[in-house]
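One-letter residues, chain by chain:
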Amino acid sequence: MVTGLINANPIVYERKARQVRSAPTNIDEYADEPIDQQEIFDHIRDIKDPEHPYSLEELKVVTEDSIEVNDKQSYVRVTFTPTVEHCSMATVIGLCLRVKLMRSLPSRYKVDVRIAPGTHATEAAVNKQLNDKERVAAALENPNLSEMVNECLAPTFA
């Protein structure tokens with residue numbers, strides 16, 4: 001975790017109860033399984049904040065309503081809200097969201113990760129970085145940044 005916190009006292013919200021999902025009864029093992037907003041939220045809700053011992057869900061950085069899914073067009077958009085408008089970790093948070101979804105979703109999905117409009121001082125620059133494949137690949141080649149992302153994605157079993 002990072003020392004010298006940008007937001008030393010974030011507001012921590014209660015976690016939502018997890019919804020139990022039932023498996024379909026008629027399974028065609030070759031068919032594409034539809035993916036919905038709840039499934040995407042379940043993938044990203046437990047990502048840890050790089051500065052705090054809380055999940056992105058607990059800090060309301062991501063919510064179910066901030067996720068758009070178009071399964072027919074294989075498109076997912078996650079819009080996240082940093083806890084403060086000058087958050088220096090916004091790019092890392094967005095990178096964590098992108099990496100988690102890249103690892104969790106079938107490769108046919110296009111993933112778009114964005115900062116909520118008007119919630120960050122350098123919103124346009126961060127959005128450009130997060131949605132540029134070459135910049136994302138270069139960032140993940142940096143061992144320190146890659147380690148930070150992997151720490152944020154590590155399961156907590158909480």
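What counts, and where the lines are drawn
Residues numbered from 1 in each chain as written. Predicted model: local features only at pLDDT ≥ 70, side-chain atom pairs only at ≥ 80, totals over all residues. Heavy atoms only, no water. Core = buried A, V, L, I, M, F, W, Y, C linked by side-chain atoms within 4.5 Å. Buried < 20%, exposed > 50% of the residue type's maximum accessible area, 1.4 Å probe, protein only. Helix = DSSP H or I, 4+ residues; strand = E, 2+ residues; numbered from the N terminus. Contact = heavy atoms within 4.5 Å. pLDDT = per-residue confidence, 0-100. Salt bridge = Lys/Arg side-chain N within 4 Å of Asp/Glu carboxyl O. Pairing = 2+ DSSP bridges. Axes fitted to C-alpha atoms, helices over the stretch in contact; angles between N-to-C directions.

Visitor: Would you take a moment to explain the nonpolar core for this structure?
Guide: Side chains of a nonpolar character, in soluble globular proteins, are inclined to be buried together. Within the largest apolar cluster, 36 residues are counted, with the highest numbers of intra-cluster contacts made by Val 78, Phe 80 and Leu 97. Counting residues per element, the ones that place at least two in this core are helix 1 (37-44), strand 2 (75-80), helix 2 (90-104), strand 3 (110-115), helix 3 (123-130), helix 4 (133-141) and helix 5 (143-153). With eight residues, helix 2 is the largest single contributor of residues to this core. Those residues in contact with Leu 97, other than ones at most four positions away along the chain, are Ile 44, Ile 47, Leu 56, Val 62, Val 78, Phe 80 and Val 113.

Visitor: Where do I start with the confidence of the model for the chain in this structure?
Guide: Interpreting fine coordinate detail is not advised for predicted regions of low pLDDT. This prediction gives the chain a mean pLDDT of 88; 86% of its residues lie at or above 70. Across the chain, element-level confidence peaks in strand 2 with a mean pLDDT of 97 and bottoms out in helix 4 with 94.

Visitor: I tried to follow the pattern of salt bridges on my own but got confused; where do I start?
Guide: Note on pairing: side chains with opposite charge can pair once their charged atoms come close. Under the counting rule described, the total for this entry stands at six salt bridges. The partner of Glu 57 in a salt bridge is Arg 45, and the shortest N-O contact between them spans 2.9 Å. Here the residue Glu 57 occupies a position in the loop between helix 1 and strand 1 (67-70), and Arg 45 occupies one in the loop between helix 1 and strand 1, the gap between them amounting to twelve residues. We classify Arg 45 as buried; its relative accessible area is 1%. In this structure, Arg 114 and Asp 112 form a salt bridge, with 3.2 Å as the shortest nitrogen-oxygen distance. Judged by its relative accessible area of 29%, Arg 114 is partly exposed. For Asp 112, a relative accessible area of 3% puts it in the buried group. Each of Asp 42, Arg 45 and Glu 57 takes part in one network of salt bridges that share partners.

Visitor: Quick question: what am I supposed to make of the sheet that holds strand 1 here?
Guide: Strand pairing in a sheet takes place through backbone hydrogen bonds and is either antiparallel or parallel in direction. Judged by pairing direction, the sheet is mixed, and its three strands sit side by side in the order 1-2-3 without closing on themselves. Strands at the two margins of the open sheet, each flanked by one partner only, are strand 1 and strand 3. On average, adjacent strands in this sheet sit at an angle of 10° to one another, irrespective of strand direction. Relative to strand 2, strand 1 runs antiparallel, the two being bridged by four bridges. Bridged to Asn 70 within strand 2 is Tyr 75.

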